[in-house]
Amino acid sequence: MKKILLMGNPNVGKSVVFSRLTGANVIISNYPGTTIDFTKGKMLLGGEKVEIIDPPGTYSLKHSDRAEEVAVRMLKEADLVINVVDATNLERNLFLTFELMEKKIPMIVALNLWDEAKHTGINIDVKRLEKTLGVPVVPTVALTGEGIKRLVEKTKEAKAPRIKRFTEKQRWAKIGKVIREVQKVKHKHHTFWERLADATIKPITGIPIALVVIFISFWIVRLIGENLIGYVFEPLFELYRPLAMGISSWLGPGFIHDVLIGKLIGGQIAYVESMGMLTTGLFVPLGMVLPYIISFYLMLGILEDSGYLPRLATLVDNVFHRLGMHGYGIVPVFLGLGCNVPGALSARILSTKKQRFIAATLLGIAVPCMAQIAMIFGILGTYGLRYIIMVFATLFVVYIIGGVLMNRFVRGESPEIFLEIPHYRKPSFRAVLKKTWMRIRWFLTEAIPWLFIGVVLVNILYSVGFLDWIGRIFAPVMEGWLGLPREATTALLVGFLRKDLAVGMLLPLGMSAMQLVIAATVLTIYFPCVATFAVMVKELGIKDMAKAAVIMIVTALVVGGLMRLLLIGV
Amino acid sequence: MTTALIDIHTGKKARVVKLVGGYGLQRRLRVLGIMEGKVIKVLTIQPFRGPIVIEIEGKQTTLGRGIAERVLVEAIA
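Numbers given to residues run from 1 along each chain, matching the order in which its sequence is written. Each chain gets a letter, beginning with A, and each ligand a number, beginning with 1, in the order they are written. This being a predicted model, a pLDDT of at least 70 is required before a residue's local features are given, and a value of 80 or more before pairs of side-chain atoms are given or counted; all residues contribute to the totals for chains, interfaces and linings. Hydrogen atoms and water are omitted, and side-chain values are computed over all heavy atoms in the structure.

Asker: What am I meant to see in the packing of aromatic side chains here?
Answerer: Note on aromatic pairs: each is described by the distance of the centres and the angle between the planes. Residues and elements named next belong to chain A. For this analysis, a ring pair means two rings from Phe, Tyr or Trp (six-membered ring only for Trp) whose centres lie within 6.5 Å, classed as stacked if their planes differ by under 30 degrees, edge-to-face if by over 60, and tilted for the remaining angles. Under the definition given, this model contains 15 aromatic pairs over all chains. Ring geometry for phenylalanine 496 against phenylalanine 533: centres 5.9 Å apart, planes inclined by 70°, an arrangement best described as edge-to-face. Taken as a pair, phenylalanine 496 in the loop between α20 (488-495) and α21 (499-506) and phenylalanine 533 in helix α23 (residues 530-540) lie far apart in primary sequence, 37 residues in all. Members of the aromatic cluster, joined through ring pairs, are Phe237, Tyr240, Tyr271 and Phe283. The criterion for a charge sitting over a ring is simple: Lys NZ or Arg CZ within 6 Å of the ring centre, and within 35 degrees of the ring normal. The ring of tyrosine 462 is capped by lysine 263, whose NZ or CZ atom sits 5.1 Å from the centre of that ring. Secondary structure elements follow DSSP: runs of H or I of four or more residues count as helices, runs of E of two or more count as strands, with numbering from the N terminus.

Here it is as structure tokens:
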């Protein structure tokens, strides 16, 4: 099968073009670095089935980070290259175009963001550009689909460019000449909105705005989440209760009952404590976690598509640089608050091994995922907000101290921030909903199997007496050092499968609020869940992941021990 | 008079005269539009040794101080 490769700078809309061509659903956002791995899709081209590949964006063929490396590697297999170019940024985009042309692979140029270019007063002579480059050039607006059909038709005319090899200096000179020939820019004055946009990046106004934005975002996440639970999901589970009770009495006591329904508490099913597949196994993911996943990804989608994240990265760079990363380190944190797996993957947008190691390790240590956050609110909410704040304040302090220490002791470089700020764009309602739906679907298909496995495992290990045994072994650490009941060991074990389920398991242990705070914090820090662990092994390598794991476990013990001293006393 | 970009005050403009530094850095600067002859406006300088934000031809870019020291410019009155 023929392979078509989409190449272009970051944030020029390659993935939008990809999704237009293949009809496939891909995550798109308004910040450079959204695509961190390649996506493959298929389409019919002149009756022939072809494969389309969408690698991460790259500024040049001499890559400078992991994501760009992926793109350059893919180029070797391509039969045809569609070079997606940002029409509002033609000059700098042409550098990659010329580099690609020297590879002599048949090529076509999509002049994307054509509408935005016209809006900003940029006029490009397409005919002339086509003639100069010697390959077809098609203006497109991928978001609306304008020009995509013509782009497909024109691929037939794509041919290997005839061009001599340039040195870098000659290439820039040539690009300068092309720009003077084909592009006219009308000078435009700053509009009110542009001045407002500037206010979000100037420190005096930008930092208060950032605090307000983050506060409002989480407030909305909570508002939507709580209402979904109160008015939709809990009523649904109450409707389901008679059915579950029916199954329970039909099954009668025994092992099957323990696995499917779990323990009855006061003759009733307790959705959090029962620990059955059809009770806790359904209620934790659907009744407690899913509502927050929905509301979180909705908010994140809006933030991503508006173009706010790079500005936030600029504002927090001075902090993150001291933690051994740069401002973009905020992206894994944000994505990780939804689910640690995409968070760990997004560490790729940082530039060096050291930065990626610190970002991924801190993510595993101090950034709880939405599933876990929802459960922490669930179990601590009844005691009062201050206990919840204790958990998150501790995690925040751990993140900062951990970063400062790792910046000092982890070897390697931590280069400075260097990043394009996209124009603000009004998020498209449809795109945000689509993205939210994709992420929710991912949660449902990935999380629920692990939850079921977790529930079954707890029941089996419990009935063979393994949990008692492991509880006794770890009793000195749990009871002596952390001040927690030895049964909490089970929760930590299950936490490797699903942290949300593990937090729920703390509830029947009859702990005090302070003990719950310690247990919830230690559970966050000690180790990532199995899905995140697998991704981190792949991203960091076994050796670095082993180092990260040691850091995590030591941190959990140190922080847990200190909290015990501070909160409970000796 | 030639100075480093980092010495230009907020709100002021300057013209790029020369890029100093390795080939890799120079390429990264140029592909983000920072090249000889371009007019740069310094939009903000973030406090506590944070990065600076510049504007070239209507496009904004954030760059660290160390990088901004390697962009030599001529202030425009």
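Asker: Mind showing me how you'd approach helix α3 (residues 90-101) of chain A here?
Answerer: It helps to recall that an α-helix has 3.6 residues per turn; residues three or four apart then point in one direction. Residues and elements named next belong to chain A. Across its 12 residues, α3 extends 16 Å between first and last C-alpha, which sits within 8% of the 16 Å expected from 1.5 Å per residue. A large share of α3 lies buried, amounting to 12 of its 12 residues. Each residue is assigned to one of three classes by its accessible area relative to the maximum for its type, calculated with a 1.4 Å probe on protein chains only: buried under 20%, partly exposed between the two thresholds, exposed over 50%. Every buried residue belonging to α3 is among Leu90, Glu91, Arg92, Asn93, Leu94, Phe95, Leu96, Thr97, Phe98, Glu99, Leu100 and Met101, and all of these are buried. By this rule, a helix spans an expected 1.5 Å times one less than how many residues it contains.

Asker: Where do I start with the pattern of salt bridges in this structure?
Answerer: It is possible for side chains bearing opposite charge to pair when their charged atoms get close. Residues and elements named next belong to chain A. A pairing counts as a salt bridge when a side-chain nitrogen of Lys or Arg comes within 4 Å of a carboxyl oxygen of Asp or Glu. Inspection of every chain in the model, using the stated rule, returns 21 salt bridges over all chains. The residue arginine 171 makes a salt bridge to glutamate 99 at a minimum N-O spacing of 3.7 Å. Highlighted residues: arginine 171 in helix α7 (residues 168-182) and glutamate 99 in helix α3, separated in sequence by 72 residues. A salt bridge links arginine 348 to glutamate 539; the nearest nitrogen and oxygen atoms lie 2.9 Å apart. Here arginine 348, found in the loop between α14 (340-345) and α15 (353-366), pairs with glutamate 539, found in helix α23; they are 191 residues apart in sequence, far enough to count as distant. Grouping residues by exposure puts arginine 348 and glutamate 539 together as buried. Bridged by salt links that share partners, the residues Glu304, Asp305, Lys435 and Arg439 form one connected network.

Asker: Just to check I follow, could you spell out the sheet that holds strand β7 (residues 137-139) of chain A for this structure?
Answerer: Sheets are built from strands paired through backbone hydrogen bonds, the pairs being either parallel or antiparallel. Residues and elements named next belong to chain A. Being paired, for any two strands, means DSSP has found at least two bridges between them. With respect to topology, six strands assemble into an open sheet ordered β2-β3-β1-β4-β5-β7, the strand pairing being mixed. Each edge of the open sheet carries a strand with a single partner, namely β2 (39-45) and β7. For this sheet, the mean inter-axis angle between neighbouring strands, taken without regard to orientation, is 25°. As paired strands, β2 and strand β3 (residues 48-54) are joined by seven bridges and run antiparallel to one another. Looking at β3, one finds that leucine 45 is bridged to glutamate 48. Convention adopted: a line fitted to C-alpha atoms gives each axis, helices being fitted over their contacting stretch, and angles between N-to-C directions are expressed from 0 to 180 degrees.

Asker: Explain the nonpolar core here, please?
Answerer: Nonpolar side chains in soluble globular proteins generally cluster together in the buried interior. Residue and element names in this part refer to chain A. In this text, buried Ala, Val, Leu, Ile, Met, Phe, Trp, Tyr and Cys residues form a nonpolar core when linked through side-chain atoms within 4.5 Å. Counting 120 residues, the largest nonpolar core has Met325, Tyr328, Ile330, Leu380, Tyr399, Leu484 and Leu506 as the members making the most contacts within it. Here this core takes 12 residues from helix α11 (residues 280-306), the largest share from any one element. The residues touching leucine 380, leaving out its near neighbours within four places in the chain, are Tyr387, Ile388, Val391, Ala513, Leu516 and Val517. In this description, contact between two residues means that some pair of their heavy atoms is separated by no more than 4.5 Å.

Asker: Explain the interface of chain A and chain B to me, please; I cannot follow it from the model alone.
Answerer: Quoted interface sizes are often the accessible area lost when the parts come together. Facing the 30 residues of chain A at the interface are 33 residues of chain B. The term buried area means the drop in 1.4 Å probe accessible area that two parts suffer when joined, counted for both and summed. Area buried by chain A at its contact with chain B is led by A:Arg92, A:Glu416 and A:Phe418, which between them contribute 26% of it. Where chain A meets chain B, there are two salt bridges. The partner of B:Lys38 in a salt bridge is A:Glu91, and the shortest N-O contact between them spans 2.3 Å. The set of elements that each furnish at least two residues to the side of chain A that touches chain B consists of α3, α7, α12 (309-322) and β11 (418-421) of chain A.

Asker: Hey, could you run me through a nonpolar patch on the surface in this one?
Answerer: Residue and element names in this part refer to chain A. Here a patch means residues that are over 30% exposed by relative accessible area and free of salt bridges, tied together within 9 Å if like-charged and within 5 Å if nonpolar (Val, Leu, Ile, Met, Phe, Trp, Tyr). Accessible areas in this description were obtained via Shrake-Rupley with a 1.4 Å probe; residue shielding takes into account the shown protein chains only. Residues Trp469, Ile473, Phe474, Val477, Trp481, Ile553 and Leu557 make up a contiguous nonpolar surface patch of roughly 630 Å² in combined accessible area. Of all the elements in the fold, those that place two or more residues in the nonpolar patch are α19 (466-482) and α24 (542-567). Here the element with the most residues in the nonpolar patch is α19; it accounts for five residues. Structurally, isoleucine 473 is set in helix α19.

Asker: Help me understand a positive patch on the surface in this model?
Answerer: This count recognises Lys and Arg as positive and Asp and Glu as negative, with His and chain-terminal groups excluded. A single reference atom marks each charge: NZ on Lys, CZ on Arg, CG on Asp, CD on Glu. Residues A:Lys62, A:Arg73, A:Lys76, A:Lys103, A:Lys104 and A:Arg165 make up a contiguous surface patch of positive charge. Mapped onto the elements, A:Arg165 comes out in the loop between α6 (148-154) and α7.

Asker: In this structure, what is going on with the packing of α3(A) against α7(A)? I would like to understand it.
Answerer: Two quantities define a packed helix pair, namely the angle between the helix axes and the distance between the axes. Residue and element names in this part refer to chain A. Packing of α3 against α7 brings their axes to within 10 Å, and their N-to-C directions diverge by 130°. If you check the angle between α3 and α7, you find them oblique. In the packing of α3 onto α7, the handedness of the crossing is right-handed. For the pair formed by α3 and α7, the contact residues are Leu90, Glu91, Arg92, Leu94, Phe95, Phe98 and Glu99 on the first element and Glu168, Arg171, Trp172, Lys174, Ile175, Gly176, Val178, Ile179 and Val182 on the second. Our angle categories are set so that under 35 degrees counts as roughly parallel, over 145 as roughly antiparallel, 65 to 115 as roughly perpendicular, and the remainder as oblique. Less than a right angle of anticlockwise turn of the near helix away from the far helix marks a crossing as left-handed, whereas a clockwise turn marks it as right-handed.

Asker: Would you take a moment to explain α15(A) for this structure?
Answerer: Between its first and last C-alpha, α15(A) extends 20 Å over 14 residues, near the 20 Å set by a 1.5 Å rise per residue. Burial runs high along α15(A): 13 of the 14 residues are buried.

Asker: Can you walk me through unusual backbone geometry in this structure?
Answerer: Outside of glycine, negative phi angles account for most residues, and trans bonds account for most peptide bonds. Not every positive phi belongs to a glycine, and A:Leu113 is a case in point at roughly 60°. Counting through the fold element by element, A:Leu113 comes out in the loop between β5 (107-112) and α4 (114-119). For A:Leu113, a relative accessible area of 11% gives the class buried. Phi at B:Phe48 takes a positive value of approximately 55°, unusual for a residue other than glycine. Following the sequence through the fold, B:Phe48 ends up in the loop between β3 (39-45) and β4 (52-56).

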